[in-house]
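Listed below are the residues making up each chain.
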Amino acid sequence: MKKKVALLTTNFFNPKGERIITGGAERYQVDFCRLLRDMDFDVEVWQMGDNWTKEFDGIKIHGLPVNKTEYQTFPELNMGFYENVMSFDYTLYFILSLAYPLVREKSISISHGVYWDWPGFDATTGKLAIKQEWLRRMELSLAGPQKLVSVDTNTINYFNATLPSFYNKWEYIPNYVDTDLFLPLEEDLRNDKIRILFPRRMVPVRGINETMRAAEILTKKYPSIEFHFCGRGHDDTIEMLMSQWASKQERCYYYWKPFEMMPEIYQMADIVLIPSRSTEGTSLAALESMACGKPVIAGLAGGLSDLIIHGYNGYLVKPSVENLVSSIEELINDPKKRKLMGERGREIATSFNKKTWHERWANVISEVFR
Amino acid sequence: MPKLTAIMIVRNEGNRYLRRCLDSLLTFADNIIILDDASEDDTPEICLSYPRVNLYRQPHSMFLSNEAELRQKLWHYTLENKPEWILAIDADEFLEESFLKEVPYLLRQSNFKAIGFRLFDCWGNEDNFRIDGLWNPWLRGFSIYLIQYQPQLESAWPALKFHCGRLPLAYRRLIYYESATRIKHLGWANPLAITAKYERAVRQDPANKYMGREHYESILWPPEKIETERWL
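Residues numbered from 1 in each chain as written. Chains lettered and ligands numbered in written order. Predicted model: local features only at pLDDT ≥ 70, side-chain atom pairs only at ≥ 80, totals over all residues. Heavy atoms only, no water.

Trainee: Teacher, can you tell me more about the overall build of chain A here?
Mentor: Across its full length, chain A carries 12 helices and 14 strands. Here the C-alpha radius of gyration of chain A, 21 Å, is about what a compact globule of 370 residues would show, namely 21 Å. Referenced to the eigenvectors of the C-alpha coordinate spread, the extents of chain A come out at roughly 60 × 45 × 40 Å. Taken over 370 residues, chain A has a buried fraction of 56%. Within chain A, contacts between residues separated by at least 24 positions form 66% of all contacts whose residues are at least 6 apart in sequence. Surface summary for chain A: the accessible area is close to 15900 Å², and the carbon and sulfur share equals 51%. Of the side-chain charges in chain A, 45 are positive and 48 negative, and the distance between the mean point of each set is 2 Å. (Helix = DSSP H or I, 4+ residues; strand = E, 2+ residues; numbered from the N terminus. Rg over C-alpha atoms; globule rule 2.2 N^0.38 Å. Buried < 20%, exposed > 50% of the residue type's maximum accessible area, 1.4 Å probe, protein only. Contact = heavy atoms within 4.5 Å. Areas by Shrake-Rupley, 256 points an atom, 1.4 Å probe, with all protein chains shown as cover. Lys, Arg positive; Asp, Glu negative; His and termini not counted. Charge placed at Lys NZ, Arg CZ, Asp CG, Glu CD.)

Trainee: Any chance you could explain the pattern of salt bridges here in plain terms?
Mentor: Two side chains of opposite charge can pair, provided their charged atoms sit close to one another. What the rule picks out here adds up to 40 salt bridges over all chains. The shortest N-O distance in the salt bridge between Lys354(A) and Asp31(A) comes to 3.4 Å. You can see Lys354(A) sitting in helix α12 (residues 354–368) and its partner Asp31(A) sitting in helix α1 (residues 24–38), a full 323 residues away along the chain. The exposure class of Lys354(A) is partly exposed, given its relative accessible area of 22%. For the salt bridge of Glu40(B) with Arg11(B), the shortest nitrogen-to-oxygen distance reads 3.8 Å. Of this pair, Glu40(B) sits in the loop between β2 (31–36) and α2 (43–48) while Arg11(B) sits in the loop between β1 (4–10) and α1 (18–25), and the two are 29 residues apart along the sequence. Among the residues examined, Arg11(B) registers a relative accessible area of 29% and is labelled partly exposed. Connected through shared salt-bridge partners, Arg19(A), Arg232(A), Asp236(A), Glu239(A), Arg118(B) and Glu178(B) make up one network. (Salt bridge = Lys/Arg side-chain N within 4 Å of Asp/Glu carboxyl O.)

Trainee: Just to check I follow, could you spell out the interface of chain A and chain B for this structure?
Mentor: A common way to express how large an interface is: the accessible area buried when the components associate. Each side of the interface is counted separately: chain A has 24 residues, and chain B has 21 residues. Regarding the contact of chain A and chain B, the summed buried area is about 2100 Å², with carbon and sulfur atoms giving 56% of it. At the junction of chain A and chain B, the tally comes to 6 salt bridges. Its salt-bridge partner being Glu178(B), residue Arg232(A) comes within 2.9 Å of it at the nearest N-O pair. At the junction of chain A with chain B, the criterion picks out 10 residue pairs in polar contact (both at pLDDT 80 or more). Listed by contribution, the elements that provide at least two residues to the side of chain A that touches chain B are β3 (53–56) and α7 (236–248) of chain A. At 7 residues, the largest contribution of residues to the side of chain A that touches chain B is made by α7(A). Tallied by class, residues from the side of chain A that touches chain B come to 8 nonpolar, 5 polar and 11 charged. (Buried area = accessible area lost by both parts, 1.4 Å probe. Polar contact = N/O pair within 3.5 Å; in protein donor to acceptor, adjacent residues only side chain to side chain. Nonpolar A, V, L, I, M, F, W, Y, C, P; charged D, E, K, R; others polar.)

Trainee: Any chance you could explain α1(B) here in plain terms?
Mentor: Residues and elements named next belong to chain B. For α1, the set of buried residues is Leu18, Cys21, Leu22, Ser24 and Leu25. Across the axial projection of α1, the buried residues extend over an arc of 160 degrees, all falling on one side. Packing partners of the buried residues in α1 comprise β1, β2, α2, β4 (85–88) and β5 (93–95). (Arc of directions from axis to C-beta.)

Trainee: Explain unusual backbone geometry to me, please; I cannot follow it from the model alone.
Mentor: For residues that are not glycine, phi is negative in most cases, and the peptide bond is trans in most cases. Residues and elements named next belong to chain A. The omega torsion of the bond from Tyr100 to Pro101 falls at 0 degrees, within 30 degrees of zero and hence cis. As for its position among the elements, Pro101 is in the loop between β5 (90–93) and β6 (107–111). With a phi close to 75 degrees, Asp40 is a non-glycine residue in the positive phi region. By the element assignment, Asp40 lies in the loop between α1 and β2 (41–48). When its relative accessible area of 48% is taken as the criterion, Asp40 is described as partly exposed. Of note in the backbone geometry, Arg251 takes a positive phi value of approximately 55 degrees without being a glycine. Within the element layout of this structure, Arg251 appears in the loop between α7 and β11 (252–255). Judged by its relative accessible area of 18%, Arg251 is buried.

Trainee: What's the story with the sheet that holds strand β1 (residues 3–8) of chain A in this structure? I'm lost.
Mentor: Two pairing modes exist for strands in a sheet, parallel and antiparallel, and in both the strands are linked by backbone hydrogen bonds. Residues and elements named next belong to chain A. Pairing in this open sheet of 8 strands is mixed, and the strands run β3-β4-β2-β1-β5-β6-β7-β8 from one edge to the other. Of all the strands in the sheet, just β3 and β8 (170–172) have a single pairing partner and so form its edges. Sheet twist, expressed as the average angle between the axes of neighbouring strands with direction ignored, equals 25 degrees. Where strand β7 (residues 147–150) and β8 come together, 3 bridges link them in parallel fashion. Pairing of Ser150 across the sheet is with Tyr172, part of β8. (Pairing = 2+ DSSP bridges. Axes fitted to C-alpha atoms, helices over the stretch in contact; angles between N-to-C directions.)

Trainee: Is there a simple way to think about the pairing of β7(A) in this case?
Mentor: The two faces of a sheet get side chains in turn, since along a regular strand they alternate between them. Residues and elements named next belong to chain A. Both faces of β7 are covered, namely the face carrying Lys147 and Val149 and the face carrying Leu148 and Ser150. The pairing of β6 with β7 spans 4 bridges and is classified as parallel. Residue pairing for β7: Ser109 is matched across the bridge by Leu148. Each parallel crossover has a hand, and the one from β7 via helix α5 (residues 153–162) to β8 is right-handed. (Right-handed = clockwise from strand over helix to strand, strands pointing away.)

Trainee: So what exactly am I meant to see when it comes to the domain arrangement of chain A here?
Mentor: Residue and element names in this part refer to chain A. Splitting chain A by domain gives domain 1 (3–176 + 354–368) and domain 2 (194–350). Here the C-alpha centre of domain 2 lies 28 Å away from the C-alpha centre of domain 1. With 19 residues of domain 1 at the interface, the matching set in domain 2 holds 16 residues. With both chains or domains summed, domain 1 and domain 2 bury close to 1400 Å², and 46% of this area falls on carbon and sulfur atoms. Among the ionic pairs, Asp236 bridges to Arg19, the shortest N-O distance being 3.3 Å. Every element with two or more residues in the side of domain 1 that touches domain 2 is listed here: α1 and α5. Partitioned by chemical class, the residues of the side of domain 1 that touches domain 2 number 7 nonpolar, 8 polar and 4 charged. (Domains from an automatic or database assignment.)

Trainee: What's the story with the sheet that holds β2(B) in this structure? I'm lost.
Mentor: Residue and element names in this part refer to chain B. If you trace the 8 strands from one edge of the open sheet to the other, you get β3-β2-β1-β4-β8-β6-β9-β5, paired in mixed fashion. Unpaired on one side and paired on the other, β3 (53–57) and β5 mark the two borders of the sheet. Neighbour-to-neighbour, the strand axes of this sheet turn through a mean angle of 30 degrees, independent of strand direction. When β5 meets strand β9 (residues 176–185), the two strands line up antiparallel, connected through 3 bridges. Paired with Leu95 across the bridge in β9 is Ile183. Where helix α4 (residues 99–108) meets the sheet, it contacts β1, β4, β5, β6 (114–121), β8 (143–148) and β9, and its direction lies at approximately 150 degrees from that of β9.

Trainee: Help me understand the side chain of Arg338(A), please; the structure alone is not making it clear to me.
Mentor: All names here are of chain A. Tracing the backbone shows Arg338 in helix α11 (residues 335–350). No salt bridge is formed by the buried Arg338. Its closest oppositely charged neighbour is Asp270, at 4.5 Å. When residues no more than four places from it in sequence are discounted, the contact partners of Arg338 are Ile194, Asp270, Ile271, Pro295, Leu331 and Ile332.

Right, dumping it as structure tokens:
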């Protein structure tokens, strides 16, 4: 009989179960569930929701009717999950803090990157006593699972410096890109326009505000450049405001595309921006841009420094308007450098290919799920 | 590439947007199933002058008396034509051109069996759409227009005489992909037709069961109260 794996996350669907939240972590979850199925496991997913069961990509997703969060942890969700998955053989916690307070014996936790570097996080847990309680709970959530997997070295370094006793539990499995799907264009079909692409969600931590300002400055200065903002907003209002803003600018465009179309979007770009200020792992968008042979201007955040070497395959900058403008300008004015950095990016991306990701995960899974 | 079938109900569209609509649909649809609701003009002849169109005709008009039954008939004719993907559209709605590039990806992907779009109501002309109150295309959400036919799903409609939706209920409950492609709706684009449309809407819904009174009244608002934005 097939062994059964239960995965706990917070929001794959919105809590009403009507809309799907399409970020990198959700794509990771779909790919990860496929990997488990390929390894002959049965997988089901739990999240917050009003007692519904939905199916996506052939995987059952259950909504547990809890919504309480305290100290940025989800104890009710954790315990609801624990009681619901007694008949499962193995468990996976899709966010580190979800493993607090209870975990099953054979379980793995995943970190998608540090999310507590976001200023709003400090604003809610800023008081010393609250912060200490949060850290105490994090320590307990690291203690339970047999393995802790991180998509970047930043998370591992943070915990080794903060809660050093888990050193031996950590595994580094960086994010991945399908290098057969995300490819440089063989023939350069682009015209003399220079396209600058921001392929992220339209949220402040991704540097959207700084990028919009940089776009206003640079499109005025250079008639040959275009800015493409490709991604969803957090809500309808943000998408409305982005559309209205873009329609008032010269050569600024706002849209999003189905995932299957993204290789083409990256291929048509000349420079890709990943100007995150925080809450970043080894960004799928950064890896996909690199795999398509594009130079990447990235923010100094999370695991982006695992992907970008400053001055080699792009730039790692503090994403202020000024820094964005000057680093973009450097690449606008130096087509040779763009090409060279893009080629190096492609080469680096090949070592993050999806096949390797499968193999590394298969190793960890076979150590714990047995 | 999977097959795409466009389906629509038409009535007296000869002087409206039918030709433009069929021209536009035929740039990406494999065939078009049309149910003519007893038109009194040359609508059926126009439909028949186009290739890849299957026309069915209704002897007596039903749209205002029993829309759900009419929709069900169209659905029945659609299934006779062995559809794969179905686009349920009206003769005054236009998917913007970028859809041509997007559609092959949407039909080939396997995660979503339904695709939703935002509808933009052009107001008084074809270049500006309305954004005040419930007319705001960004804030009223997505509607499902494109679905993959699934034999296991029920074909039932809600028992409503009108505003009953253009697809069977089961399809409207699917998890759908939200497309950035906009649908341009020209139903309010002709300023001379607005008053008549208002009167029809109010006659159909005297008790304000489907929409608040204020929304109906907003149809007749003077231009200075109406907010629009340019279609780019």
